[in-house]
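Working through the structure, step by step
Chain residues, written in single-letter form:
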Amino acid sequence: MRQFTVILEQINHSKNLILENDTSSLRMALILLDNAAEILMYRTVLSEFRDNEIYGKIREMDRKLREQAKSALPSDIFDKFLTEHALPEILEEKKKKNILKYFDEKITFLCDTCGLIPSPVRAVLSSLHSYRNETYHRDIIRNEILRPIAILYFELVCELVTYLKQGCNSYSSEDDWSQFFTKYGLGKTQCKMGMLSNEDIEAILNRLRTELSIDLHELRETLQKYVINRLDEILDRLNFISDALDIKQLNTTLKLIQFTQIKDSLQLNNILQSKEFNNYTAPITEEVFSNWRAKAHHFVNIDEKLALFMAFKDVEDQFEPIEHKINDLADKLDAAIQSAINIARGK
């Protein structure tokens, strides 16, 4: 009970941080929600592992009985039991360690093997976890979408509590839970029951959801604007590179950036005249940027939050690699230009 209520309190605290709506609070909320998601999955994984060990013992018992009884034991008894009860694959220790260690491995196990997490939730959870890793490990903060991302994660973690039942949430009659029950709108009758029922948990989650949510229209507008603004910024930097290198066509600059990633042994001033460059077909062109923009405008036709987020993430994943390449080259050129200016000024 106490372990479970810690998670509920953590979700509630994340909600309050989101409501403060400043960058630091939203960042902390994202980190707290990610931790809550992982802890919920971790506890469920441990429970599934215990069941899996029992299944393993059943299989081992059958093997030993067959060895001892040999022909006296009908061979179809255990086979029939396996068919009727559909015992899962017995997990190897190495696989267990990976599941316990890695966030995405937990999601895959609970989705594919256990069937406890729906596939759409799985994909969004993994993506939100990657945003948490960015802000926690690499100091990347996507301010424009930090709030909707945090709210979406909040809503998803509330769903996880429902998907991943945490077993019996009972408590001793000697414990005083009256303050907790009052805080979350539960009456004295529930408090005296000595346990937190599924209905009580759902009531708490519904109370939290009514205090914080993001509607589909706001999410659409925010994600669409974010994608279009980033594409505009990428093209602005691409224009800067073209001007700096005196290249008239953006497609030529795009081709150059992608070509030099695989042919970096060639000197820049020889590349444009090289046979290799002329024969090279760049996968990303101005037309591809237009297609990404069109996909962003298509968000308006998506009527479900998780599907909308995944459509957004799909577009973002497509343009981020070229965005990084363009930004890297633009930064190098900008530094070179500034260095030349400083030298000219005698600095």
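Positioned with a positive phi, Asn21 is a non-glycine residue whose angle comes to about 60 degrees. Topologically, Asn21 is positioned in the loop between helix H1 (2-20) and helix H2 (23-69). Look at Asn21 and you get partly exposed, because its relative accessible area is 44%. One non-glycine residue, Asp246, lies in the positive phi region at around 60 degrees. Along the polypeptide, Asp246 turns up in the loop between helix H11 (216-245) and helix H12 (250-262). Overall, the relative accessible area of 65% leaves Asp246 in the exposed class.

Under the defined criterion, the tally for this structure stands at 20 salt bridges. Close ionic contact of Arg147 with Glu218 constitutes a salt bridge, the shortest N to O distance being 2.6 Å. Separated by 71 residues along the polypeptide, Arg147 in helix H7 (residues 143-163) and Glu218 in helix H11 bring together distant segments of the chain. Taking the relative accessible area as the measure of exposure, Arg147 reaches 24% and is therefore partly exposed. According to the relative accessible area criterion, Glu218 is partly exposed, its value standing at 27%. Notably, a salt bridge pairs Arg209 with Glu202, separated by 3.4 Å at the nearest N-O pair.

Helix H15 (residues 286-297) packs onto H11 with a crossing angle of 165 degrees between their chain directions and a minimal axis gap of 9 Å. Taken together, the axes of H11 and H15 are roughly antiparallel relative to one another. The way H11 lies across H15 gives a crossing that is left-handed. On H15, the residues touching Gln224, Val227, Ile228, Leu231, Asp232, Ile234 and Leu235 of H11 are Phe289, Trp292, Arg293, Ala296 and His297.

About the criteria used
Residues numbered from 1 in each chain as written. Predicted model: local features only at pLDDT ≥ 70, side-chain atom pairs only at ≥ 80, totals over all residues. Heavy atoms only, no water. Helix = DSSP H or I, 4+ residues; strand = E, 2+ residues; numbered from the N terminus. Buried < 20%, exposed > 50% of the residue type's maximum accessible area, 1.4 Å probe, protein only. Salt bridge = Lys/Arg side-chain N within 4 Å of Asp/Glu carboxyl O. Axes fitted to C-alpha atoms, helices over the stretch in contact; angles between N-to-C directions. Parallel < 35°, antiparallel > 145°, perpendicular 65-115°, else oblique. Left-handed = near helix turned anticlockwise from the far one by under 90°. Contact = heavy atoms within 4.5 Å.

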